[in-house]
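# Working through the structure, step by step
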Amino acid sequence: MSGRSVWIAIVVACAAGFRAEVARAQVSLSDDIIAAAQAKNETEKRHHSSLGRSLGTAESPYRRKPGSTDINLGGAPPRRAVLPRLARLRTSTSAFSPPPQEPGRYEQGVAPSIERLPLPLRRGASNNPAEDLAAYDEEGPPDGLTLDASIRRLIDVNRDLRVKALELPQAEADILTAGLRENPLVFYGTDDIAYGSYSPARSGEVEHGISLVLPIDYTGKRRRRVELAKKEQCVLRAQYQDAVRVAIDGLYTAYVDALVARQAIRAAEDSLRLIDELLKAHAAVASPTEKEREELDDLTVERDVTEMAVEDTYERYGKARQQLADLLELAPEEAESLELRGKILVPSPKPPPLDELIAMAKERRPDVVAHRIGVDRARAEWSQEKSERLSDAYFLYSPMNYLDRSQSQERSVNTWGAGVFVSVPLFNRNQGNVRRAEINVIQSQIEADVAEDRAVGEVRHAYKDLEHSLGDLERFEKATLPAIRRKRDRAQRRLNSGEIHPEDFLKVERETTSLVRFYRDTLTRKRRNMLKLNTAVGLRILP
């Protein structure tokens, strides 16, 4: 109930109350308090502007609040709500949002893309064909930064998450505020003071009165405010968990990008070593022919281009590490020395069946939980608005009403009075806000259904993507990789026996490069899809 309504009710009750003298004493004071309440309301309004959130005010950083009634289609009517409204948080991004720019997509500079260069397979026999193409997938130093350690640091130090985490203690404060009772009112007034003085010939009396007004919440407003504040806290907690889920999804992308960039460095350096070996073999020829000198020039050019590509991959790796360091709030000097301990090729246990994953997402995914609690919050708000249909009752007690008649030489009188007054809800029964809150329950239920369907769709897509990447890898490792190895080995033997020239060998290497690149991309895609399934479900079910 607004402050102005309280004071108007007091004035009306006093005007029809126990004594006209008491009423006159209260009216002047209540007018002053009403004016002060109006000034307070104007001050509160200045916290909001058409520019959006005022910096420094206690507004939520979340842009969408499940279960709240703050959808604006052209400006909402003023509300009598007791709790501050937090702005609606838009639908959170997910694993299916456009990923950040990958390290390989930065400006290329002078050096050609590494995709144009030969990517040699690891030499020597191998029982596992996948080891050939994963040879550059080093785990990193023992003291390097693991993915689990990155997640822990992200939650601990990321400033965006810290700002949102501070919403939780604010919600605790809102519960405390909602549970506060209305303060009693005490009035003291002096009335009928004559200009001059009274006398026996000009009789009169000076009135001194003290009154106590105690509000009575007989419709349960306070209890419903507390229930609404607790639901608000539960929604905020789920929203914070969803913010962590989305932030971890971004960390997944940045971490895998850094691993891919590090792997590209190893592949480029191996290409450079291969060309150096061919150059060394040509330089050892005592009397090279014209064709051999021409091949030597071609290898020299190839070597320079490959060296520039190696420098380019280092630059890309540095940018990828910087992106990761920005998420983890690392200092510039720490970002330069950042080393990762992780691999793209990790054991991939078979994920649970799709139906189980969907059930997990419906039960545990934070944004789905937030919308589900938002429906309960909307119902709590509806109940709270219905409790506002009747104003509080007020108990009035005047322990002393002293009539000073000493100037008229008459006997002074001290009286007391008590009573109860209630606002008669003939016109305003909060009908508009009750109806609005009722509609919001339906609206929140629709939003919850949409959020759940969206989560189910994301789980299905992530599961299907992971299945496809696993199938592609299986086909590669069973047939394609052995064929690539045999072709490479034949070319190596023919080069060693002098049957073909180095240029022919490099041609064979280039022909296999696209397949090698596709396998590496598929390996990376599988790693990303594993992490994307974690994000879609809202749980860490795969490494």
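The structure reproduced in this document is the subject of the present report. Keep in mind that what you see is a predicted model, and the values were worked out from it rather than measured. (Residues numbered from 1 in each chain as written. Predicted model: local features only at pLDDT ≥ 70, side-chain atom pairs only at ≥ 80, totals over all residues. Heavy atoms only, no water.)

## With respect to the pairing of strand E2 (residues 206–216)
Quick note on the threshold: At least two DSSP bridges between two strands are required for those strands to pair. By the criteria applied, helices consist of DSSP H or I runs no shorter than four residues and strands consist of E runs no shorter than two, each listed in order from the N terminus.
In this sheet, E2 lies alongside strand E1 (residues 185–191) in antiparallel orientation, the contact comprising 7 bridges. When the sheet's bridge partners are listed, Phe187 is paired in E2 with Ser211. Relative to strand E3 (residues 393–404), E2 runs antiparallel, the two sharing 10 bridges. When the sheet's bridge partners are listed, Glu207 is paired in E3 with Leu403.

## So, the environment of Glu410
Our working definition: Any two residues whose heavy atoms approach within 4.5 Å are treated as being in contact.
Tracing the chain through its elements places Glu410 in the loop between E3 and strand E4 (413–421). The sequence separation of Glu410 and Ser203 amounts to 207 residues, and the corresponding C-alpha distance is 8.7 Å. Excluding residues within four positions of it along the chain, Glu410 makes contact with Ser203 and Arg405.

## What about the sheet that holds E2?
Here is the rule we go by: In this description, a line fitted to the C-alpha atoms serves as the axis of each element, helices being fitted only across the stretch in contact, and the angle between N-to-C directions of two axes falls anywhere from 0 to 180 degrees.
Read across the sheet, 4 strands follow the order E1-E2-E3-E4 without closing on themselves; strand pairing throughout is antiparallel. Edge positions in the sheet fall to E1 and E4, since each of these pairs with one other strand and no more. The sheet shows a mean angle of 15 degrees between the axes of neighbouring strands, direction not considered.

## What to know about the nonpolar core
What counts is decided by this rule: Only buried Ala, Val, Leu, Ile, Met, Phe, Trp, Tyr and Cys residues count toward a nonpolar core, and they belong to the same one when joined by side-chain atoms within 4.5 Å. Remark: exposure states derive from per-residue accessible area (1.4 Å probe, protein chains only) relative to the maximum for the residue type, with buried under 20%, exposed over 50%, and partly exposed in between.
One finds Leu324, Leu328 and Leu340 to be the most contacted residues of the largest nonpolar core, which totals 36 residues. Those elements that place two or more of their residues in this core are helix H4 (147–157), helix H7 (221–283), helix H8 (290–327), helix H12 (431–496) and helix H13 (502–537). Here the element with the most residues in this core is H7; it accounts for 13 residues. Each residue touching Leu328, except ones within four places of it in the same chain, is listed here: Leu145, Ser150, Arg153, Leu154, Val157 and Leu251. Counting 14 residues, the second largest nonpolar core, distinct from the first, contains Ile358, Met530, Leu533 and Val537.

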